[in-house]
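Spelled out, the chains give:
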Amino acid sequence: MASELISFCGLYCGACSFKLAAEENNRDHILNMPSYYDYIKNIELEWCPGCRLENKCGECSIRDCAQDKKVDYCVLCDLYPCEKIILFANDGKPHHAEILENYKLLIEMGEEKWLEFMKGKWTCAECGAKKSWYYDKCNC
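Attention here is on the structure that accompanies the text. (Residues numbered from 1 in each chain as written. Predicted model: local features only at pLDDT ≥ 70, side-chain atom pairs only at ≥ 80, totals over all residues. Heavy atoms only, no water.)

1. Some details on the state of the cysteines
Considering all chains together, one arrives at 0 disulfides under this definition. Between cysteine 9, a cysteine without a disulfide, and cysteine 60, which holds the nearest cysteine sulfur, the sulfur-to-sulfur distance is 6.3 Å. According to the relative accessible area criterion, cysteine 9 is buried, its value standing at 9%. The structure places no disulfide on cysteine 65, whose sulfur is separated from the nearest cysteine sulfur, that of cysteine 82, by 5.9 Å. (Disulfide = S-S within 2.5 Å. Buried < 20%, exposed > 50% of the residue type's maximum accessible area, 1.4 Å probe, protein only.)

2. What about helix α6 (residues 111–121)?
Trp114, Leu115 and Met118 are the residues of α6 that are buried. Angular distribution of buried residues about the axis of α6 spans 100°; they occupy a single face of the element. Opposite its buried face, α6 presents the exposed residues Glu112, Lys113, Glu116 and Lys119, each directed more than 90 degrees away. Against the buried residues of α6 lie α5 (99–109). (Helix = DSSP H or I, 4+ residues; strand = E, 2+ residues; numbered from the N terminus. Arc of directions from axis to C-beta. Contact = heavy atoms within 4.5 Å.)

3. Details of the pattern of salt bridges
Under the defined criterion, the tally for this structure stands at 4 salt bridges. Close ionic contact of lysine 19 with glutamate 23 constitutes a salt bridge, the shortest N to O distance being 3.1 Å. Of the two residues, lysine 19 and glutamate 23 are both situated in helix α1 (residues 17–24); the distance of 4 residues between them amounts to about one turn of the helix. The partner of lysine 130 in a salt bridge is glutamate 23, and the shortest N-O contact between them spans 3.7 Å. With lysine 130 in the segment after α6 and glutamate 23 in helix α1, this residue pair connects regions lying 107 residues apart in the sequence. By relative accessible area, lysine 130 is classed as partly exposed at 39%. The class for glutamate 23 is partly exposed, based on a relative accessible area of 35%. Put simply, Lys19, Glu23 and Lys130 are held in one network by salt bridges that share partners. (Salt bridge = Lys/Arg side-chain N within 4 Å of Asp/Glu carboxyl O.)

4. Quick notes on the packing of α5 against α6
Helix-helix packing: each pair is described by the crossing angle between the helix axes and the interaxial distance. In contact at an axis separation of 7 Å, α5 and α6 are set at 130° when each is read in the N-to-C sense. The pairing of α5 with α6 is recorded here as oblique in orientation. Relative to α6, α5 is oriented so that their crossing is right-handed. In contact with Asn102, Leu105, Leu106 and Met109 of α5, α6 contributes Glu111, Lys113, Trp114, Phe117 and Met118. Considering only residue class, the contact of α5 with α6 consists of 6 nonpolar, 1 polar and 2 charged. (Axes fitted to C-alpha atoms, helices over the stretch in contact; angles between N-to-C directions. Parallel < 35°, antiparallel > 145°, perpendicular 65-115°, else oblique. Left-handed = near helix turned anticlockwise from the far one by under 90°. Nonpolar A, V, L, I, M, F, W, Y, C, P; charged D, E, K, R; others polar.)

5. Topic: the packing of aromatic side chains
All told, the structure shown has 4 aromatic pairs when counted by the stated rule. Three or more aromatic residues joined by ring pairs make a cluster, and in this case those are Tyr36, Tyr37 and Tyr134. (Phe/Tyr/Trp six-rings, centres within 6.5 Å; stacked < 30°, edge-to-face > 60°.)

6. Some thoughts on the environment of isoleucine 85
Note on placement: isoleucine 85 falls in helix α4 (residues 83–89). Sequence separation between isoleucine 85 and histidine 96 is 11 residues, and the spatial gap between their C-alpha atoms is 9.5 Å. Those residues within four positions of isoleucine 85 in sequence are excluded, and the remaining contacts are Cys9, Ile62, Cys74, Tyr80, Ile99, Leu100 and Tyr103.

As structure tokens, then:
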């Protein structure tokens, strides 16, 4: 079983703005998101275990497809990169654009090292604050 912090689409759930806003009770993680997320910026903060355990992001054709094909990540599918992944990576949302590089690193490093790398990437080296896709401020 893949780690719950690695989404089917290749995003690192440990940097999810909604997940961190709820975990840290810090709405700044979502208030700093681009304006196309305005319609959900005032939702009630709710802890999310990641899309592998409980899908809080809503309908997701990528998640459904990966589960139907019984692959832990899309990069392990024989059809990778498919149209769904290409469209997702190029939909104009900066954090989605990272998935192709994330997949490359995941395959090169393996799950454990990739998770360590991502944790380091999304944590301030000086003060240990967690950073999210659109809130990379820290307490130092």
